[in-house]
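# Results of the structural survey
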Amino acid sequence: MLPYIAPSLRAHLVNILLSHASDSASIPTESDPGDDPYVLRSTVTKGGSASLGAFAARDLDRGEPIVTERPLCIWPQELEKDEAEAMFEQMSDVAKAELMALANAAPSNLGEVLGRRATNGFNVELPEVEMEWAGVYREDGDGKAEISPSHAGFIFPRIARINHSCLNNADHAIDWSNLLMTVYATTPITEGQEITIEYTSSLIQRTRAERQALLHESFNFACACECCSLTGDELAASDGRRKVLNDIVEGIASGEWARADVLKGFERMKELIEEEGYVGMPEFSEAGVTGAYHMWVQMRKQRTASEDE
Ligand SMILES: C[S@@+](CC[C@H](N)C(=O)[O-])C[C@H]1O[C@@H](n2cnc3c(N)ncnc32)[C@H](O)[C@@H]1O
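Quick caveat, the model's predicted, so the values are computed rather than measured.

What follows concerns the site of the ligand. Surveying the vicinity of the ligand reveals 18 residues, the closest of which are S51, L52, R161, N163 and H164. At 2.9 Å from a nitrogen atom of the ligand is found a main-chain nitrogen or oxygen belonging to A224. Among the elements of the structure, α4 (111–120) and β10 (163–164) are those that each provide at least two residues to the shell around the ligand. Classifying every residue of the shell around the ligand by side-chain character gives 10 nonpolar, 6 polar and 2 charged. Residues from two domains meet in the shell around the ligand; each of domain 1 (4–198) and domain 2 (208–308) gives at least three.

So, on to the state of the cysteines. In total, this model carries 0 disulfides according to the counting rule given. C223 takes part in no disulfide bond, and the closest cysteine sulfur, belonging to C225, lies 3.6 Å away.

Before going further, it helps to spend a moment on the sheet that holds strand β6 (residues 122–125). Reading across the sheet, the 4 strands line up as β1-β5-β9-β6 and stay open at both edges, with mixed pairing between neighbours. At either end of the open sheet lies a strand with only one pairing partner, and these are β1 (4–5) and β6. Relative to strand β9 (residues 151–155), strand β5 (residues 73–76) runs antiparallel, the two being bridged by 4 bridges. Within β9, the position partnered with P76 by the bridge is A152. With respect to the sheet, helix α2 (residues 81–90) is in contact with β1 and β5, its orientation differing from that of β5 by roughly 150°.

Turning to the layout of surface pockets, a few remarks are in order. Of the voids in this model, the second largest pocket is the one considered here, and its volume is about 160 Å³. Lining the second largest pocket are M1, E30, E69, R70, P71, L72, E98, P157 and R158. Grouping the amino acids of the lining of the second largest pocket by side-chain chemistry returns 4 nonpolar, no polar and 5 charged.

Residues L9, H12, L13, N15 and I16 constitute the buried set of helix α1 (residues 7–19). Buried residues along α1 sit in contact with β1, β5 and β9.

Moving on: the packing of α2 against α4. Direction vectors running N to C along α2 and α4 enclose 95°, while the axes themselves pass 8 Å from each other. Taken together, the axes of α2 and α4 lie roughly perpendicular to each other. Facing α2, whose interface residues are K81, A84, E85 and F88, α4 presents G111, V113 and L114. Of the residues in the contact of α2 with α4, the class split is 4 nonpolar, 1 polar and 2 charged.

Position of E194 among the secondary structure elements: in strand β13 (residues 194–197). We classify E194 as buried; its relative accessible area is 15%. A distance of 3.0 Å separates the side chain of E194 from the side chain of N163, its partner in a polar contact.

What the rule picks out here adds up to 6 aromatic pairs. With a centroid separation of 6.0 Å and 20° between ring planes, the pair formed by F154 and F156 is classed as stacked. For F154, a relative accessible area of 0% gives the class buried. Ring geometry for F154 and W176: centres 6.0 Å apart, planes at 85°, overall edge-to-face. Residue F154 is located in strand β9, and its partner W176 is located in the loop between β11 (170–175) and β12 (180–185); the two are separated by 22 residues in the primary sequence. In this pair, the class of F154 matches that of W176, namely buried. Counting every residue linked through ring pairs, the aromatic cluster contains F122, F154, F156 and W176. One Lys or Arg, K96, reaches over the ring of F88 and ends 5.7 Å from the middle of that ring.

A contiguous patch of negative charge on the surface is contributed by E78, E80, D82 and E83. One can find E83 in helix α2. Assessed through its relative accessible area of 39%, E83 is described here as partly exposed.

The element α4 is largely enclosed, with a buried count of 7 among its 10 residues. Within the span of α4, buried status applies to G111, V113, L114, G115, R116, R117 and N120. At its buried positions, α4 is contacted by β5, α2, α3 (93–100), β6 and β9.

Sheet architecture is open: 3 strands sit in the order β4-β12-β11, paired in antiparallel fashion. Of all strands in the sheet, those with a lone pairing partner are β4 (65–69) and β11, marking the two edges. The average undirected angle you get between the axes of adjacent strands in this sheet is 20°. The pairing of β11 with β12 spans 6 bridges and is antiparallel. For A170, the partnering residue across the bridge sits in β12 and is A185.

Analysis parameters
The written sequence of each chain sets the order in which its residues are numbered from 1. Selection of residues for local features in this predicted model requires a pLDDT of at least 70, selection of side-chain atom pairs for listing and counting requires 80 or more, and totals for whole chains, interfaces and linings are taken over all residues. The side-chain quantities take in all heavy atoms of the structure and omit both hydrogens and water. The nearness test applies per residue and asks whether one of its heavy atoms lies within 4 Å of the molecule or strand. Pairs of N or O atoms within 3.5 Å make up the polar contacts considered here, provided that, within protein, one atom can donate a hydrogen while the other can accept it, and that residues adjacent in sequence are counted only when both atoms are side-chain atoms. Under the DSSP-based scheme used, a helix requires at least four consecutive residues in state H or I and a strand at least two consecutive residues in state E, with every element numbered from the N terminus. Think of it as three bins: nonpolar holds Ala, Val, Leu, Ile, Met, Phe, Trp, Tyr, Cys and Pro, charged holds Asp, Glu, Lys and Arg, and polar takes everything else, Gly as well. Throughout the structure description, domain borders are defined by an automatic or database domain assignment. Disulfides are defined as cysteine sulfur pairs within 2.5 Å. In this scheme, strands are said to pair when DSSP sees at least two bridges between them. By definition, residues are in contact when any of their heavy atoms lie within 4.5 Å. As a rule, the C-alpha atoms of each element are fitted with a line to give its axis, helices using only the stretch in contact, and angles between N-to-C directions run from 0 to 180 degrees. Here the term cavity refers to a set of points on a 1 Å grid, laid over the protein atoms alone, in which a 1.4 Å probe fits but cannot get out; the term pocket refers to an open set having protein on both sides within 12 Å along at least five of seven lines, with lining residues being those that place an atom within 4 Å of a point. Grid points are joined across faces, edges and corners, and a volume is the space filled by probe spheres set on the points. Think of it in three bands: residues with accessible area under 20% of the maximum for their type are buried, residues over 50% are exposed, and the middle band is partly exposed, with areas taken using a 1.4 Å probe on protein chains only. For classification, angles of less than 35 degrees are called roughly parallel, those exceeding 145 degrees roughly antiparallel, those between 65 and 115 degrees roughly perpendicular, and all remaining angles oblique. Only the six-membered ring of Trp is used, alongside the rings of Phe and Tyr, when aromatic pairs are assigned; centres must lie within 6.5 Å, and planes under 30 degrees apart are stacked while those over 60 apart are edge-to-face, with the rest tilted. Note on criteria: charge over ring means Lys NZ or Arg CZ within 6 Å of the ring centre, with the direction from the centre no more than 35 degrees off the ring normal. Candidates for patches are residues over 30% relative accessible area with no salt bridge; among them, like charges are joined within 9 Å and nonpolar side chains (Val, Leu, Ile, Met, Phe, Trp, Tyr) within 5 Å. Per-residue and other accessible areas follow the Shrake-Rupley method at a 1.4 Å probe size, with only the shown protein chains counted as cover for residues. We count a salt bridge whenever a side-chain nitrogen from Lys or Arg sits within 4 Å of a carboxyl oxygen from Asp or Glu. None of His or the chain ends enter the tally, which takes Lys and Arg as positive and Asp and Glu as negative. To locate a charge, take atom NZ for lysine, CZ for arginine, CG for aspartate or CD for glutamate.

Structural data, given as structure tokens:
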């Protein structure tokens, strides 16, 4: 089934697809729901007794694709209740039924359609495209002004069953040549273990209280993941590691740290992330730390060169 794309996003998405068409040699195809290596089961702790989650149906290797899926619909990021309902009316009966089968955990004032968009939608950052046609740019007094949207809300019905964890074991990536999203394992996952993704980034730098507040504000749920369920000394240790991580990230970003301290900072980050249980973050492998450090050195060189000019 082709996705329903809101009229205001169609030209931009065509541009994105065309400008990524040359990547298509490596594209996956949509996985067959019957072959996906997970089963849906209820998870009483996550969103009440009616809430479902995806559990590994067999052992999964790190990096293994779990589900590859095309969106059911793509809507603007900001949407009023009546706009969402008008778009819903334009969808096919099959697509409407698929959307309505998903969970609605949003405040009741959003209604049945926008509530499902809020509960299940991915707010995806759209890649920039350079093609200057199809109404993506307009002329204004100062020349060309971009009017392309930077984000859009995508709903992937099978992927939408995957719950959030602050120690997720899976991640997602979109192939822009065909709009397919793949969720893949970032650590080995054993049969029966819940498959989880992170609903928003940078949570690794946040304490439990900060994560709870952020997830509640953005997604309207009280996170019940294994990390948010820690108590006593274990919770204090986890919060402590995350505070230090935040200090290091802010220190490096300030550009004020000496080169040797940056390198030490990256190494400490790697240790803390591993202690915290984020074994699956490939960017903090040995090669990743070295690569990140070299990138920082290059950035410093460029900054110093432009300051000297
Ligand atoms: C995209 S849906 C995930 C699948 C959903 N559990 C279902 O039954 O279809 C998001 C909703 O699941 C629940 N949820 C997901 N992760 C959770 C977590 N870590 N803790 C508590 N509830 C969670 C919340 O109600 C959230 O609004």
